[in-house]
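Descriptive structure summary
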Amino acid sequence: MKPIRIFFAGVGGQGTLTATRLLAETALDSGIEVTAGEIHGMAQRGGVVHSFVLLGGYLSPKISMGEADILLGFEPVESLRALPYLRPGGRILASDAPIPTLSVSMGRETYPSMEKIREGIGKCTEKFFFIPCMELARKTGIVQTANTVLLGAFFAGGYLPLSLEDFLKSIEKRLAPRLVESNLQAARLGAEFMASA
Amino acid sequence: MNLLDSRAGTRSLLLGNEAIVRGALEAGVGFISCYPGTPSSEVPDTFFRLSKHGDFYFEYSINEKVAMEVAGGASLGGVPTLVTMKHVGVNVAADPMVTLAHIGTPGGLVILCADDPGCHSSQNEQDSRYYVRLAGLPCFEPSTAQECKDMTREAFELSARWQQPVMLRTTTRVNHMRGPVVFGPLSPARTKGAFARDPQRFVSVPAVGRVRHRALLANLETIRGEVNRSDWNNVYGRGKAGVIASGVSRAYLGDVLKLHPELKVKVLELGLCYPFPDDLVNNFLEDLDRVLILEELEPIMENEVRRICQQKGLTIQVRGKGKDLPLWDEYSTSMISTALHHLLDLDAPVETVCSVDQSNLPGRPPNLCAGCPHRSVYVQVRKIFGDNAVYSSDIGCYTLGMLPPLNTADFLLCMGSSVSTGCGMSKAVEDPVVAFIGDSTFFHSGITGLINAVYNRHDLLLVILDNRTTAMTGHQPHPGVDQAVFEGKPGRIEIEPLVRASGVNEVRRIKALNQKALSRAIEELKKASGVRVLIAEDPCPLFARKVLGQKRTKKARVAVSDQAALECVHTLACPAFYLEGEEVHINPVHCAGCMVCVQLCPSLKPETTGS
């Protein structure tokens, strides 16, 4: 396969690292060479989280500026902030549900409008999709499945030599039994959105 | 993934730190001690999780020095031993470590030292390979998860055979990478050994130390011969330009060479990096006209190569630290690509980074969680002392108090320094000094500073923020935590009697979330002089929920959104608050129910939660 670098950008406590791991393990199960990387520690407590999955024979555990083929944004502003990591012409799939920063909640800074965010991202790449991850996750009854919605969309997009089925199998194999049903539904909702987009 | 799987051949995606655990288990590790610290923590945490099912002995020690000493004892007793810590922990443990290298460690001792180039979660950036040279420790530097496992296992074998402690030196990217690892066979844990009494070797009085230093140097020369021939050090590629790389730089180099097959270089990869393999490197350099050294942080291999060139009369160009490759932060593929192009007198590819103006994006620094008892204490301390005190901080979540609006950290050195550095400050300035230390950090090395403060009659208000866990690094237990919580033996060490036994008379112990009690205690202690201690107790809300299984029974709601409520938002900076225009709201999902805001502001009211 053509090697692919996937960059994850999210907010501490959002489950970005769990999603990273799930993608990496799904790839490994399908016989794809994988290296993943993450930074623990200060990334918790509501800070920015960056993590990486490198498929197809990379040795490096991180992605530098301008290297990511795909940016998976789990939060709009964090997608914008992570843009320098995307290679020119790279692709972005991102959640459209803002998580306000503390300074925004306190009225000291303003959260940019979705138009501004789209405009910013549009300057770097035309290949981007915003996915209503939270809205779709609510349909499963468990909002924490928003990350799975995004991954479902990603798998359905055909960017990897892996199918949605591979991802669904991985959810069944790797998640705690009580979480399987809602996550399967979330993945399918993400995939359906992608198919209709 | 089961790290205790006895079968060989399983292939799993492991965190570098989990791979280190597997490697130690395959080697039959019998004794593990540690002090947690990012990026090393998942090694001890994984052992702790497995300890109910494994035969090995595991402990969270009180600090790194103690961890090194108990590990040293077990190894002297003939048991294969692992001790783990982050780079700054090695500073704390350096004293016993250096002497252990002198007297040797018959059972085998592997020291995991996790460096943090880029300071992802550390107070400084240092290169522990200097310790390797200072103490005389053969040293492995893995670059993949598989190597994390294999090198750890090998380090145990070599350490036992050489009877010398061996360092496994990692960096954040390696500890926190995930990669496929093929398991080897598991060995039974060797938890019992025999101590071969030999005071002329193991009692390092000056007469013995003198002899042992020479024995160590002789040992290292023998080991150097093995390192010269070691399979962990590989040569590949061809050309007149050479590259020598170690650690994660090897991974970056590998990717760059794959991406740019036009870059023709001869490569020497060092996995077993110390004692430096002089002969191997000398042979490698022979046909080259230039060589580039790839190593993060200090030019340690570079200096070794320059030494060899000088000794052997080689006139090749040695390149390393400089414009392309800095002494700080991490390396990357792009950095190494640039340095390689320049090595070959080629123009480096121009990087096109796609970017937008980020100056107006709202920042997202980490902050204290909703319901964090530290916030409650900080708010009350600031209310009483304001800017008319100097705030001495320490290592833990509570260092986040440095951010506005709390502003309760003015300086910080290292674990335990809040007490002693605060004492020094109090002699130098007129303003009172208030020091903050967490419970785990107090046990780590705050106690010695406190005894010193009492004995030397310092003037300091010490606030012990006792949240009953080591919160920052992932809720590890410490001597103040009842191990029964983790199905261990019951029993904990109380902080207050320790403080009193240290000679402190002015002691208050209150609930950290009780604003009135805090206010009274701080006012009283402000009026007193000498060493005063406030113990503010309330559990970390994450720990209470995840480990203790405590459910939230109350939450706060905005009864009236008025000026007082708005002020409360700006005083507390609690992430459960949000504004819509000027209207104050509390996110019912985020509110942890600490009720601090309700105590501060009449416009906010408690309500019981349904669940």
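All values derive from a computational prediction rather than experimental measurement.

**Here we look at the overall build of chain B**
Within chain B, the regular secondary structure consists of 21 helices and 23 strands. By the compact-globule yardstick of 25 Å for 611 residues, chain B fits well, its C-alpha radius of gyration being 27 Å. With the C-alpha coordinates of chain B rotated into their principal frame, the extents come out at 80 × 65 × 55 Å. Within chain B, buried positions represent 53% of all 611 residues. Residue pairs at least 24 apart in sequence account for 79% of intrachain contacts in chain B once pairs closer than 6 positions are excluded.

**Quick word on the overall build of chain A**
Along its length, chain A carries eight helices and six strands. Ordered by position in the sequence, the α and β elements of chain A form the string β-α-β-β-β-α-β-α-α-β-α-α-α-α. By the compact-globule yardstick of 16 Å for 197 residues, chain A fits well, its C-alpha radius of gyration being 16 Å. The principal-axis extent of the C-alpha atoms belonging to chain A is close to 45 × 35 × 35 Å. Across the 197 residues that make up chain A, the buried fraction comes to 57%. In chain A, the share of contacts with a sequence separation of at least 24, taken over all contacts with a separation of at least 6, comes to 65%.

**What about helix α20 (residues 563-572) of chain B?**
Residues and elements named next belong to chain B. Along α20, the residues that are buried comprise Ala-565, Cys-568, Val-569 and Leu-572. Looking straight down α20, one finds that the buried residues subtend no more than 100° of arc, so they occupy a single side. Residues of α20 that are buried sit in contact with α14 (373-385), β20 (554-558), β21 (577-580), β22 (583-586), α21 (596-600) and β23 (604-608). Residue Ala-573 follows α20 closely and has a positive phi angle near 50°.

**Observations regarding the interface of chain A and chain B**
Each partner contributes to the interface: chain A provides 50 residues, whereas chain B provides 45 residues. For the side of chain A that touches chain B, the secondary structure elements donating two or more residues are α1 (16-29), β2 (34-38), α2 (76-81), β5 (86-95) and α3 (102-105) of chain A. When residues in the side of chain A that touches chain B are grouped by element, the largest group, five residues, is from β2 of chain A. Across the side of chain A that touches chain B, the residue classes tally to 24 nonpolar, 17 polar and nine charged. Alignment of β2 of chain A against strand β8 (residues 177-182) of chain B, held across two bridges, turns out to be antiparallel. Following the sheet pairing, Gly-37 of chain A is matched in β8 of chain B by Met-177 of chain B.

**What to know about the pairing of β22 of chain B**
All names here are of chain B. On β22, burial follows the alternation: Val-584 and Ile-586 on one face are buried, whereas Glu-583 and His-585 on the facing-out side are not. The sheet contact formed by β21 and β22 spans four bridges and is antiparallel. Note on β22: the bridge partner recorded for Phe-577 is Ile-586. Counting the residues in the hairpin turn of β21 and β22 gives two residues, including Gly-581, whose phi is positive at 65°.

**Examining the sheet that holds strand β13 (residues 290-294) of chain B**
Residue and element names in this part refer to chain B. Spatially, β9-β11-β10-β13-β14 is the arrangement adopted by the five strands of the open sheet, whose pairing is mixed. With partners counted over all chains shown, the strands left at the sheet margins are β9 (233-237) and β14 (317-319), one partner each. For this sheet, the mean angle separating the axes of adjacent strands, direction not counted, is 15°. As judged from the five bridges shared by strand β10 (residues 241-246) and strand β11 (residues 266-270), these two strands associate in the parallel manner. Bridging across to β11, Gly-242 finds its partner in Lys-266.

**Observations concerning the domain arrangement of chain B**
Segmenting chain B into domains produces domain 1 (11-229), domain 2 (233-343), domain 3 (373-546) and domain 4 (554-608). Here the C-alpha centroids of domain 2 of chain B and domain 3 of chain B sit 47 Å apart.

**Concerning the pairing of β5 of chain A**
Residues and elements named next belong to chain A. Taking burial as the measure, the ten residues of β5 include eight buried ones, the bulk of the element. Pairing of strand β4 (residues 68-73) with β5, which is carried by five bridges, proceeds in the parallel orientation. Its bridge partner lying in β5, Gly-73 is registered against Ala-94. Regarding topology, α2 serves as the crossover connection from β4 to the parallel β5, and that connection is right-handed. In this sheet, strand β6 (residues 128-131) lies alongside β5 in parallel orientation, the contact comprising four bridges. Looking across to β6, one finds that Ala-94 is bridged to Phe-130.

What counts as what
Residues numbered from 1 in each chain as written. Chains lettered and ligands numbered in written order. Predicted model: local features only at pLDDT ≥ 70, side-chain atom pairs only at ≥ 80, totals over all residues. Helix = DSSP H or I, 4+ residues; strand = E, 2+ residues; numbered from the N terminus. Rg over C-alpha atoms; globule rule 2.2 N^0.38 Å. Buried ≥ 20, exposed ≤ 12 C-beta atoms within 10 Å, placed from the backbone. Contact = placed C-beta atoms within 7 Å. Arc of directions from axis to C-beta. Nonpolar A, V, L, I, M, F, W, Y, C, P; charged D, E, K, R; others polar. Pairing = 2+ DSSP bridges. Axes fitted to C-alpha atoms, helices over the stretch in contact; angles between N-to-C directions. Domains from an automatic or database assignment. Right-handed = clockwise from strand over helix to strand, strands pointing away.

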